[in-house]
Amino acid sequence: MIRRLALLALLVAGVLFVAACSDSTGSTSTGPSTEPTTASTVPDTTAPGPSTVDTTAATTAPGTAPASAPATTVPLTADAVAFTPFVNGLTKPVDITFRDGDPTLYVVQQNGRIIPVRDGAAGDPVLDISGAISTRGEQGLLGMAFHPSKPLAYVDSTNSAGDTVIAEFAVGADGTFDTASQRTVLVVDQPYANHNGGKVVFGADGYLYIGLGDGGSANDPQRHALDLNSFLGKILRIDPVASNTGPYTVPADNPFVGNSSAKPEIWSYGLRNPWRFDFDTETGDLWIADVGQNQWEEVDLSTAADGGGKGINFGWSAFEGTHRFNTDQSDAGVQAPIWEYAHGDDGCSVSGGTVYRGDAIASLVGWYVVADYCSGKVWALQAGAGNALAANVPLGVVASPSAVVRGPDGELFVLAHGEGAIVAITPS
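**Student:** I'm lost on the packing of aromatic side chains in this one. Help?
**Tutor:** Centre distance and the angle of the planes are the two values used to describe a pair of aromatic rings. Evaluation of the coordinates by the stated rule reveals 13 aromatic pairs. With centroids separated by 5.0 Å and ring planes inclined at 70°, the aromatic side chains of Tyr 106 and Phe 146 adopt a geometry described as edge-to-face. Of this pair, Tyr 106 sits in strand E4 (residues 105-109) while Phe 146 sits in strand E8 (residues 141-146); the two residues are 40 residues apart in sequence, bridging distant segments of the chain. Comparing Tyr 106 with Phe 146, the two get one shared label, buried. Each ring, one from Phe 146 and one from Phe 177, has its centre 6.1 Å from the other, and the planes form 50°; the classification is tilted. In this pair, Phe 146 sits in strand E8 while Phe 177 sits in strand E11 (residues 177-188), placing the two residues 31 residues apart along the sequence. Residues Phe 146 and Phe 177 agree in their burial class; the two are buried. An aromatic cluster is present here, built from Tyr 106, Phe 146, Phe 169 and Phe 177 joined pairwise through their rings. The cationic tip of Lys 263 hangs over the ring face of Phe 231; the distance from NZ or CZ to the ring centre is 4.9 Å.

**Student:** What is the right way to read the sheet that holds strand E25 (residues 377-383) from this model?
**Tutor:** Sheets are built from strands that pair by backbone hydrogen bonding, the pairs being arranged parallel or antiparallel. What the four strands build is an open sheet, ordered E23-E24-E25-E26; its pairing is antiparallel. With one partner strand each, in any of the chains shown, strand E23 (350-355) and strand E26 (389-397) form the two edges of the open sheet. Taken over all neighbouring pairs, the strand axes of this sheet differ in orientation by 20° on average, direction set aside.

**Student:** I'm lost on the nonpolar core in this one. Help?
**Tutor:** Considering soluble globular proteins, one finds that nonpolar side chains tend to be buried as a cluster. Counting residues in hydrophobic clusters, the biggest one holds 35 residues, and the most contacted among them are Met 144, Phe 177, Val 299 and Trp 339. Counting residues in hydrophobic clusters, the runner-up holds 27 residues, among them Val 200, Leu 208, Ile 210 and Phe 319.

**Student:** Mind showing me how you'd approach the state of the cysteines here?
**Tutor:** By definition, a disulfide links the sulfur atoms of two cysteines through a covalent bond. For the structure on display, the rule yields one disulfide. Linked covalently through their sulfurs, Cys 348 and Cys 374 form a disulfide whose S-S length is 1.8 Å. The disulfide joining Cys 348 to Cys 374 has a torsion of about -60° about its S-S bond and is therefore left-handed. Here Cys 348, found in the loop between strand E22 (339-342) and E23, pairs with Cys 374, found in the loop between strand E24 (368-372) and E25; they are 26 residues apart in sequence, far enough to count as distant. Since its relative accessible area comes to 8%, Cys 348 is described here as buried.

Criteria and thresholds
- Residues numbered from 1 in each chain as written.
- Predicted model: local features only at pLDDT ≥ 70, side-chain atom pairs only at ≥ 80, totals over all residues.
- Heavy atoms only, no water.
- Phe/Tyr/Trp six-rings, centres within 6.5 Å; stacked < 30°, edge-to-face > 60°.
- Helix = DSSP H or I, 4+ residues; strand = E, 2+ residues; numbered from the N terminus.
- Buried < 20%, exposed > 50% of the residue type's maximum accessible area, 1.4 Å probe, protein only.
- Lys NZ or Arg CZ within 6 Å of the ring centre and 35° of its normal.
- Pairing = 2+ DSSP bridges.
- Axes fitted to C-alpha atoms, helices over the stretch in contact; angles between N-to-C directions.
- Core = buried A, V, L, I, M, F, W, Y, C linked by side-chain atoms within 4.5 Å.
- Disulfide = S-S within 2.5 Å.

This is how it looks when you write it as C-alpha cells:
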C-alpha cells in the first residue's frame, strides 16, 4: 500500500518516469554495477553470526541536522553546470573519500589501490591490496571510509574467494595506510560474483553503514533481499571499532535489535545492489541508487524524519522499481522509490549519487546528483513533499560514470570508470 500511494502521488504530481536497461540474465560489462551473463560457482554458506550488541550505544538517528533543508530557490538549468576534466591516468576509479582537515582526495580504484590526489595530481598509492583481492566483473576494491574521530580507515573489498571483507587499517598523519595493522571486521559470504554492493560511509552518528547486494546472479534466486536472516540485499549499521566482546558492536537502537528472527546489524533491506548511497550532510536524509534487474533502475529516499532508512523495506525482489517482480515475495510495507527510469536511451545501471552542498553553483544546492553507467547521463533530482519527486534536470553526459561523489569542500566529482578519469562538476 505504501508503494502504491507513493506511486499515485508521483503520477498526480505529473512526474514522467523515464527508464534504464539489462536483460533477464544480466548484461556483460567491465563496469562495477552491471551483472555478468554467467554466474560464478562460489558456494552459498551462512553469513557470520551477529556480534555482541552494544546496549549502551546512543540512540541518535543517522542525521543530526534538521529533518529537512530546502533546496535553493534559484532555478536550475543544465547550462548552469559544466563537466571539467580534473585528473586522468587512474585505473577504474569507483569512489572518493577524504579526511577532516585534509584536502587530499583519496581515490578508491577497483584494482585494489587507493590513490591520493593532491593539487590535481595523482600520487603513489597509500594502500595496495591488489594481490589479496578478486577483480572479476563487479569484484575488487569497492569502497573505503575514514573513521570520523580515530586514525583508522575501513575498506570494503572482495577477497580471493569472492567474499566481501570489511577490514580496518591504521592511517598515518600523511594518509598512508599501515598494512601490518590490518584487522578483519566482518566477512560476508557471496554466492555469486556480482551484486557485491561496496559502499561504506560513516553517518553523522559515528556509525559505519555498509551496502551489500543480494548475492548476485539474476532475479534474487535465493531470495536474500527480504530475508532478515541474511546480510545480503541490505544496508548494515555497526560500530566497527573492536571491543572486548568482538570485532565490532551493534548499536542498541538498530531497528532489529532484540528480534530473534532478524540480524541486528541490519539497518535497511529489500535492496538489489545499492552500489552507491549517501546521507545528505545538511538533513541526514538517506539517498540510495539501487541497480535494477532487466527493466527498471531506481533511486530511493528515506528522510531523516522517517529515520534515514531505519527499518525501511525498499521492496526488491517483490518489486523492481514500482513494478511487481517476484510474486512469491510479500508486497507488504514496501517504500516506493522517489524515481525510476526504464532501460533504454537513459541507460541500464544507476550510479549514485550525493546531494550538492557546495558553494560554487548556487542553483544546484540541495539537489541529488546521480548518473547512469551505460548511457553516461547525469541528472539532478529534487525531492518534494511526501517523498515525491519535485523536479528532474538532465545535466550532461560523462563516459561510464561509476559514481557521483563530493569532495572535502562539498563540490562534486564524477568518476569516469572506463576512462580512468575524474571529472569535476563546475559552474558553467
